[in-house]
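Coordinate inspection notes
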Amino acid sequence: MFSVATLWIPFTIVAALGQVARNAMQRSLTGPLGTWGATNIRFLFGFPFSVLFFALVVAVTGDSVPWPPAIFWPWLLLGALSQIVATGLMLLAMNDRSFVVTTAYLKTEAIQTAIFGFIFLSDHLTFLKVVAILIATIGVVITALRPGGAKGFAEFKPTIIGLVAAGCFALSAIGFRGAIITVPGVSFVTAASYTLVFGLFVQTLVLTIYLLARAPDVLMKIFGLWRPSMLAGFMGAFASQFWFLAFALTAAANVRTLALVEVLFAQAVSYYSFKQPMSARELFGIVLIVIGVALLVAA
């Protein structure tokens with residue numbers, strides 16, 4: 001059984017599953033829509049679902065809907081704008097290099113989140129948790145390596161894009177957690193849902209204005225692909241809802257480290273769906289991820 005304080009664990013696992021599905025859907029739309037068009041999908045089509053989620057939460061909890069305090073907005077803008085840049089860079093990196101190698105760069109996010117959380121939110125991380133974050137991250141990198149992959153990791157452009165994307169995702173997690181914990185007088189569920197609505201609104205507004213000014217034809221293409229876009233938007237809002245619930249309960253670094261289990265999900269899909277055997281290296285990397293995550297949860 002989970003107490004309220006440990007609910008961040010199942011919330012994170014559900015969010016990671018949703019994110020794997022959303023990334024796959026979003027990546028398939030990059031070709032016809034371009035990087036920023038595909039990026040806007042998760043925001044434009046996710047926003048209505050976030051409003052629906054929020055309405056359901058308020059109906060169940062009976063919480064009032066407060067106007068956010070002034071300190072809420074800098075945190076929200078940090079989270080929202082960093083995530084826009086991070087998502088665009090992620091899709092760009094995935095087009096430039098293999099999905100798995102890009103994933104390895106992106107998963108340095110856990111380490112960067114721990115650093116930014118300590119700097120900006122004074123998040124306390126024990127020595128054991130720091131060790132857990134490092135072990136799990138090393139496990140991801142080892143799992144992502146492929147024969148002949150050293151060249152890919154050494155190439156300057158994808159390395160920089162991947163690491164900067166991870167840094168932006170880390171800042172986004174810190175920004176959203178900072179916003180959630182400033183919402184006054186409501187349950188953590190309402191605070192998380194409330195922040196998600198405002199965050200997706202800002203992101204939708206910014207990217208839609210950008211596309212109207214720079215590539216209006218892309219917006220027309222987005223609405224022409226409304227069916228797959230709607231599903232990607234739903235999965236994006238669904239995953240974000242659970243990310244935000246987890247951020248409301250614990251340090252962002254804990255959430256982003258446990259989120260490394262998505263690598264295990266991806267490996268399982270490859271093994272069971274595509275009958276791709278695992279190498280000894282991949283198994284070793286998976287063992288490190290499991291050890292790191294187990295240490296984090298136990299700490």
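Scroll up to find the structure this text is about.
Residues numbered from 1 in each chain as written. Predicted model: local features only at pLDDT ≥ 70, side-chain atom pairs only at ≥ 80, totals over all residues. Heavy atoms only, no water.

Right, let's get into the side chain of Thr39. One can find Thr39 in helix H2 (residues 30-44). Setting aside chain neighbours within four positions, we find Thr39 in contact with Gln26, Ile84, Thr87, Gly88, Leu91 and Leu207. (Helix = DSSP H or I, 4+ residues; strand = E, 2+ residues; numbered from the N terminus. Contact = heavy atoms within 4.5 Å.)

You can see Ile71 is positioned in the loop between helix H3 (47-61) and helix H4 (72-96). As a C-alpha pair, Ile71 and Val183 span 112 residues in sequence and 9.3 Å in three-dimensional space.

Overall, the coordinates contain 20 aromatic pairs when judged by the stated rule. With 4.7 Å between their ring centres and 40° between their planes, Phe176 and Phe244 make a pair best called tilted. Of the two residues, Phe176 sits in helix H9 (residues 156-180) while Phe244 sits in helix H12 (residues 226-247), which places them 68 residues apart along the sequence. A network of ring pairs unites the aromatic residues Phe11, Phe49, Phe53, Phe188, Phe234, Phe238 and Phe242 as a single cluster. For Arg256, the ring lying beneath its charged end belongs to Trp243, and the centroid distance is 4.3 Å. (Phe/Tyr/Trp six-rings, centres within 6.5 Å; stacked < 30°, edge-to-face > 60°. Lys NZ or Arg CZ within 6 Å of the ring centre and 35° of its normal.)

A side chain with one charge may pair with a side chain of the opposite charge, provided their charged atoms come close. For the structure shown, the criterion picks out two salt bridges. For Arg177, the salt bridge goes to Asp123, with nearest N and O atoms at 4.0 Å. Here Arg177 is found in helix H9, whereas its partner Asp123 is found in the loop between helix H6 (109-121) and helix H7 (127-144), with 54 residues between them in sequence. You'll find Arg177 and Asp123 in the same group, each marked buried. (Salt bridge = Lys/Arg side-chain N within 4 Å of Asp/Glu carboxyl O. Buried < 20%, exposed > 50% of the residue type's maximum accessible area, 1.4 Å probe, protein only.)

Here we take up a nonpolar patch on the surface. A cluster of nonpolar side chains, namely Ile115, Phe118, Ile119 and Phe120, defines an oily patch on the protein surface of about 440 Å² accessible area. Residue position: Phe118 is located in helix H6. Judged by relative accessible area, which is 59%, Phe118 ranks as exposed. (Patch = residues over 30% accessible without salt bridge, like charges linked within 9 Å, V, L, I, M, F, W, Y side chains within 5 Å. Areas by Shrake-Rupley, 256 points an atom, 1.4 Å probe, with all protein chains shown as cover.)

On to the packing of H2 against helix H11 (residues 216-224), then. Where H2 meets H11, the closest approach of the two axes is 10 Å, and the angle between their N-to-C directions is 60°. Judged by the angle between their axes, H2 and H11 are oblique. In this structure, H2 crosses over H11, and the sense of that crossing is right-handed. Taken together, the residues of H11 that come into contact with H2 (itself represented by Pro32, Leu33, Gly37, Asn40, Ile41 and Leu44) are Val218, Leu219, Lys221, Ile222 and Phe223. (Axes fitted to C-alpha atoms, helices over the stretch in contact; angles between N-to-C directions. Parallel < 35°, antiparallel > 145°, perpendicular 65-115°, else oblique. Left-handed = near helix turned anticlockwise from the far one by under 90°.)

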